[in-house]
Amino acid sequence: MIEELCKALGPGEPKERDLLQFRGAAEFAKDEHWPFNWLLITHVVRAVLSRVQRDLTSGSYYKPLTDEAALELKRLRAGAIGWLERCRALTPMDDIDVDTKAAFRSWWIDVEQAYERMDKQVSTYTYKIAADLGNAINHTIRCMATQDVDALDDVPPSYLENLARQNRWKTPTVQDGQRRHFSTALHQMLGYGSGPQDATEVHLEDMLLLQIQGDLAFFDWHSNIGCVLHFWIDRDALAQLDFSRIEATYECD
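Residues numbered from 1 in each chain as written. Predicted model: local features only at pLDDT ≥ 70, side-chain atom pairs only at ≥ 80, totals over all residues. Heavy atoms only, no water.

Engineer: When you look at unusual backbone geometry in this model, what are you seeing that I'm missing?
Structural biologist: Peptide bonds are mostly trans, and most non-glycine residues show a negative phi. For the bond from Trp34 to Pro35, the omega torsion is -5°, close enough to zero to count as cis. Along the chain, Pro35 falls in the loop between α2 (25–30) and α3 (38–56). Although it is not a glycine, Lys120 adopts a positive phi angle of roughly 70°. Along the chain, Lys120 turns up in the loop between α5 (98–117) and α6 (127–147). A relative accessible area of 57% places Lys120 in the exposed class. The backbone phi angle of Leu241 is positive, close to 55°, even though this residue is not glycine. Locating Leu241 in the fold gives a position in the loop between α10 (235–239) and β3 (247–251). (Helix = DSSP H or I, 4+ residues; strand = E, 2+ residues; numbered from the N terminus. Buried < 20%, exposed > 50% of the residue type's maximum accessible area, 1.4 Å probe, protein only.)

Okay, structure coming up:
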């Protein structure tokens, strides 16, 4: 299993299309493989709660929130909070019994249909609810891999295969390093940095010590992930081990 995981996360061709992230709600409704543990439920519920809270915030959309939409959002918020309370009482990697699985799927479908009814009344686009579920599945699998390689045995094979296709990167060449964008690992030490603005060009002659880029496996994976944090150092300063001259750059798309 360790060898298989290394192959999934090792270097290879540029990543392929994520089949879960671009799934529609109807496809997820037919797929009975989710949820497969309480960690996934937690991530999905938090994503829904984040959307609902933003849509309830005054001024988050160019149209005034109607009374009907506000009531619907508050209903969804109450349901999400109820599921979070259940999650707190259980171990994240615990399996889910058949009845709870069916209840959660029904709740999620109700959330998606509620957003369909509120289309153009709130800031969240309906398709985002399904996209959040796909991202949550990928995020959960990554978390499981960090806990215990054997934990991946509990992941539906189709989900694991889909994620493995995304974790492929192409080692950058010298020519790639002279450009602003190229396909590479999101987080790296040394080598040529990548970013959405000018930091890589300004620091082309410097040494990249560390690059941390927004990733679906970290932070709010259902929001903007285009930001990149770099730590650079002048090559002469590095030769003198003078790390007081490190310069950090942070840029977003």
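After presenting the structure, the write-up continues.
Engineer: How do you make sense of the sheet that holds strand β2 (residues 228–233) when you look at a structure like this?
Structural biologist: What holds strands together in a sheet is hydrogen bonding between their backbones, with the strands either parallel or antiparallel. Read from one edge to the other, the open sheet built from three strands follows the order β1-β2-β3, with strand pairing classed as antiparallel. The open sheet is flanked by β1 (207–213) and β3, the only strands paired with a single partner. The mean angle between the axes of side-by-side strands here comes to 15°, regardless of whether they run parallel or antiparallel. Here β2 runs beside β3; their pairing, made up of five bridges, is antiparallel. For His230, the partnering residue across the bridge sits in β3 and is Thr249. (Pairing = 2+ DSSP bridges. Axes fitted to C-alpha atoms, helices over the stretch in contact; angles between N-to-C directions.)

Engineer: Is there a simple way to explain the pairing of β2 in this structure?
Structural biologist: It is a general feature of regular strands that their side chains alternate between the two faces of the sheet. Relative to β2, β1 is paired through six bridges, and the arrangement is antiparallel. By the bridge assignment, Gln211 is partnered in β2 with His230.

Engineer: Explanation requested: the environment of Pro157 in the structure shown.
Structural biologist: Along the chain, Pro157 turns up in helix α7 (residues 157–166). For Pro157 and His33, which are 124 residues apart along the polypeptide, the C-alpha to C-alpha distance reads 9.7 Å.

Engineer: Mind showing me how you'd approach the packing of aromatic side chains here?
Structural biologist: Ring pairs (aromatic) are described by centroid distance and by the angle formed between their planes. Taken as a whole and assessed by the stated rule, the structure comprises nine aromatic pairs. On the numbers, 5.3 Å between centres and 75° between planes, the contact of Trp34 with Trp108 is edge-to-face. Within this pair, whereas Trp34 is found in the loop between α2 and α3, its partner Trp108 is found in helix α5, the two being separated by 74 residues in sequence. The class for Trp108 is buried, based on a relative accessible area of 1%. (Phe/Tyr/Trp six-rings, centres within 6.5 Å; stacked < 30°, edge-to-face > 60°.)

Engineer: Please clarify how the nonpolar core should be interpreted in this entry.
Structural biologist: What tends to happen in soluble globular proteins is that the nonpolar side chains get buried as a cluster. In terms of nonpolar packing, the biggest core is built from 42 residues, with Trp34, Trp107, Trp108, Tyr115 and Ile137 touching the most fellow members. For this core, the elements supplying multiple residues, two or more each, are α2, α3, α4 (67–88), α5, α6 and α7. Not counting residues up to four positions away in its chain, the partners in contact with Trp108 are Ala25, Phe28, Trp34, Val44, Ile129, Ala130 and Leu133. (Core = buried A, V, L, I, M, F, W, Y, C linked by side-chain atoms within 4.5 Å. Contact = heavy atoms within 4.5 Å.)

Engineer: What am I meant to see in the confidence of the model for the protein here?
Structural biologist: Detailed reading of the predicted coordinates is not advisable wherever pLDDT is low. Scored by pLDDT, the protein comes out at a mean of 80, with 77% of its residues at no less than 70. Here residues 216–224 is modelled with pLDDT under 50, and outside its nearest four sequence neighbours on either side it reaches 22 contacts, counting other chains as well. (pLDDT = per-residue confidence, 0-100.)

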